[in-house]
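Chain by chain, the residues run as shown.
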Amino acid sequence: MSSGSEVQASPPVEGLRERKKRERGQALRRAAIDLALEKGYHNVTVEDICERCGVSRRTFFNYYSSKEEALLGRADTVFDEEDQPAIEEFEAGGPHGRLVADLEHLLAFIVATRMEKRDDMHQYHLMLKQDPSLIPLQMSRMGNNERLFRQIIQRRLDGTSSAPVDVMGAQTGDGVDDDIEVSPRAEAVAALAMMALKATFTRMRRVDGDPGPVIDRLFDELRSLFREEAD
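Note that the structure is a prediction, hence the values are computed from the model and not measured.

Chemist: Mind showing me how you'd approach the overall build of the protein chain here?
Modeler: Regarding its fold elements, the protein chain presents 10 helices and zero strands. Going from N to C terminus, the protein chain has its helices and strands arranged as α-α-α-α-α-α-α-α-α-α. Burial analysis of the protein chain (231 residues in total) assigns 45% to the buried set. Counting contacts in the protein chain only where the partners sit at least 6 residues apart, residues at least 24 apart contribute 73% of the total.

So this is what it looks like as structure tokens:
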């Protein structure tokens, strides 16, 4: 068994302020998706979302730049806001100090947060099915996420970290590293990680429980395959 399961996929400690911000952002996104299912995506306005959540337009724009971003997720984060502390920990060299074990830990955490929101994911997929015009936007967002994930891997390999992402706005540093040069090694690691995520989600649709062992098994199979090819 791989070392990825030595530590359960638990998030870094989150402060009360950060939790409240995250929960407000999630409420806005949930309201946007519910309204899109009720009224149709093109008939939903930012004002509708604000009214549903009881917040001002100013508050909405502290979290999202548009209704599309509220529906599909923010463009400056790879996954969801609650994943950001774990991503920053990975970039900084944690939690184990070994690339593959840390990647397993990160992916297990990301899958676990998704499994806790199965109902939200179901509503999201219903929205895409109801309005296929959103699919090109979703595909574009997925491509952007993959690009950002390759940059995360590269920063880990380089021993650098990005500026923290504030839930109420963009990164707190000088901005996103749009022009970061990604090495073939980072490309390969990111591709394997995305494959492992996809395979894990496929398996987890059929079972409940901790995704850690599923990811462990996938990485063990990859290690075995590469050892076999090297012999």
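Chemist: Help me out: how do you make sense of the nonpolar core in this one?
Modeler: A general tendency of soluble globular proteins is for nonpolar side chains to be buried together. By size, the foremost hydrophobic cluster in this structure holds 26 residues, and its most contacted members are F90, L103, L106, L107, V111, F149 and I153. Every element with two or more residues in this core is listed here: α5 (84-91), α6 (99-115), α8 (135-158), α9 (184-204) and α10 (212-230). Considering every element that reaches this core, the biggest residue donor is α6, with nine residues. Other than its neighbours up to four places away in sequence, L106 contacts A86, I87, F90 and F149. L35, C50, V55 and L72 belong to the second-largest nonpolar core, a separate cluster that totals 22 residues.

Cut-offs and rules
- Residues numbered from 1 in each chain as written.
- Predicted model: local features only at pLDDT ≥ 70, side-chain atom pairs only at ≥ 80, totals over all residues.
- Heavy atoms only, no water.
- Helix = DSSP H or I, 4+ residues; strand = E, 2+ residues; numbered from the N terminus.
- Buried < 20%, exposed > 50% of the residue type's maximum accessible area, 1.4 Å probe, protein only.
- Contact = heavy atoms within 4.5 Å.
- Core = buried A, V, L, I, M, F, W, Y, C linked by side-chain atoms within 4.5 Å.

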